[in-house]
Amino acid sequence: MVTASQVPVVVNGVSVNDLSNTIEAVKTQPALAKFRFRLRNRWHGAAQNRSTIDAYFGAGQHATRATPFVLETDEPPVLLGKDSAPNPVEYLLHALAACLTTSMIYHAAARGIHIEEVESSLEGDIDLHGFLDLDRAVRNGYQGIQVKFKIKADVPDHRLREIAELGSSHSPVFDSLTRGVPISIAVDRL
């Protein structure tokens, strides 16, 4: 006979039982929380780059994906590219949108909040004066990013903002962008 605690609970497509088990495992073995993600990038001329993602370390073990992920980057023609792929700052917007959404969904599931749909739109403003080294007072990266969510959930309107804030208060990408992250650069001869 299956007891109530054994019945799988899935909220927002997330197994709440597995999520709870993961949280408990990390509480008892903090080293399981340590992850290292990695990729390899190779330049292919002009603005074209190709990154391969196939392995990571997490939950105390090395893992290799059955099929590597390959990400291409380029620039639009106005920025001297061939427009064959998104540019790096567009990928940054994608990473932010995906991480905010996933964080929101997981944390809503843990709280038993059912979400039917989430859509987001992101815009970021960049002034090329910095990148082109024309004005050192202008930053090279985004000057600001605007995120707009549309959420369909069976909650009163005043709770929608609370749900969205589950994403920004838990997202690793949001945290990395808003609080900064140390980056070290090393170089060797190829």
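The numbers attached to residues start from 1 for each chain and follow its sequence in the written order. Per-residue local features of the predicted model are confined to residues with pLDDT of at least 70, and side-chain atom pairs are confined, for both listing and counting, to 80 or more; whole-chain, interface and lining totals are unaffected and use all residues. Side-chain metrics rest on all non-hydrogen atoms present in the structure, leaving aside hydrogens and water.

Student: Could you give an account of the overall build of the protein chain, naming the residues involved and the relevant values?
Tutor: Strands here are runs of E lasting at least two residues and helices are runs of H or I lasting at least four, both read from the DSSP assignment and numbered beginning at the N terminus. Each helix and strand in the protein chain was counted, giving five helices and eight strands. Start at the N end of the protein chain and walk to the C end: the helices and strands fall as β-β-α-β-β-β-β-α-β-α-β-α-α. Taking 2.2 N^0.38 as the reference for a compact globule, 190 residues should give roughly 16 Å; the C-alpha atoms of the protein chain span a radius of gyration of 20 Å, well beyond that estimate. Projected onto its principal axes, the C-alpha coordinates of the protein chain cover approximately 70 × 45 × 30 Å. Only heavy atoms enter the contact rule, under which two residues are in contact if any of them lie within 4.5 Å. The contacts of the protein chain with a sequence gap of at least 6 include a subset with a gap of at least 24, amounting to 45%. Computed by Shrake-Rupley with a 1.4 Å probe, the accessible areas treat only the displayed protein chains as cover when residues are assessed. As presented, the protein chain carries roughly 14100 Å² of accessible surface, and 56% of it is formed by carbon and sulfur atoms. Here the radius of gyration uses the C-alpha set of atoms, whereas the globule reference equals 2.2 Å times the residue count to the power 0.38.

Student: Got a sec to walk through the nonpolar core? Specific residues and values, please.
Tutor: Ile113, Ile115, Ile151, Ala153 and Ile163 are the most contacted members of the largest nonpolar core, which totals 16 residues. Tallying contributions element by element places helix H2 (residues 88–110) first for this core, with four residues. Leave out the neighbours within four places in its chain, and Ile151 touches Met104, Ile115, Glu117, Leu160, Ile163 and Ala164. Nonpolar core, defined: a set of buried Ala, Val, Leu, Ile, Met, Phe, Trp, Tyr and Cys residues in which side-chain atoms within 4.5 Å join the residues together. Relative accessibility decides the category of a residue: with a 1.4 Å probe and only protein chains considered, values under 20% of the type maximum give buried, values over 50% give exposed, and everything between is partly exposed. Judged by nonpolar contacts, the second largest core, of six residues, contains Leu96, Leu100, Leu122 and Tyr142.

Student: Tell me about helix H4 (residues 160–168), residues and numbers included.
Tutor: Note that an α-helix has 3.6 residues per turn; residues three or four places apart therefore point the same way. Listed in full, the buried residues belonging to H4 are Ile163, Ala164, Leu166 and Gly167. For H4, the arc enclosing every buried residue in end-on projection is 140°, short of the 170-degree limit, so these residues lie on one face. The arc in question is the one spanned by the directions pointing from the helix axis to the C-beta atoms.

Student: Break down the layout of surface pockets for me, with residues and values.
Tutor: Only protein atoms enter the 1 Å grid used here, on which a cavity is any set of points holding a 1.4 Å probe that cannot leave and a pocket is any open set flanked by protein within 12 Å on both sides along at least five of seven lines; residues with an atom within 4 Å of a point are listed as lining. Grid points are joined across faces, edges and corners, and a volume is the space filled by probe spheres set on the points. Approximately 350 Å³ is the volume found for the second largest pocket. In terms of lining residues, the second largest pocket is bounded by 16 residues, among which Val147, Phe149, Arg161, Ala164 and Ser168 are the most central. Within the residue set of the lining of the second largest pocket, elements represented by two or more residues are H2, strand E8 (144–153), H4 and helix H5 (172–179). For the lining of the second largest pocket, the element with the highest residue contribution is E8, accounting for six residues. In the scheme used here, Gly and all other residues not listed as nonpolar or charged are polar, with Ala, Val, Leu, Ile, Met, Phe, Trp, Tyr, Cys and Pro taken as nonpolar and Asp, Glu, Lys and Arg as charged. In the lining of the second largest pocket, the residues fall into 10 nonpolar, two polar and four charged.

Student: Explain the environment of Ala66 residue by residue, including any values.
Tutor: By secondary structure assignment, the location of Ala66 is in strand E6 (residues 61–73). C-alpha of Ala66 to C-alpha of Arg139: the two residues are 73 residues apart in sequence and 40 Å apart in space.

Student: Before we move on, can you summarise H2 with the specific residues and values?
Tutor: To estimate how far a helix should reach, multiply one less than its number of residues by 1.5 Å. Its 23 residues give H2 an end-to-end C-alpha distance of 33 Å, which sits within 8% of 33 Å, the value for a rise of 1.5 Å per residue. Every buried residue belonging to H2 is among Leu93, Leu96, Ala97, Cys99, Leu100, Ser103, Met104, Ile105, Ala108 and Ala109, and all of these are buried. Polar contact is defined as a pair of N or O atoms within 3.5 Å, subject to the rule that within protein one atom must be able to donate a hydrogen and the other to accept it, and that residues adjacent in sequence are counted only when both atoms are side-chain atoms. Near the N-terminus of H2, the side chain that reaches the backbone nitrogen of Val89, with its oxygen 3.2 Å away, is that of Asn87. Phi turns positive, to about 75°, at Gly112, one or two residues after H2.

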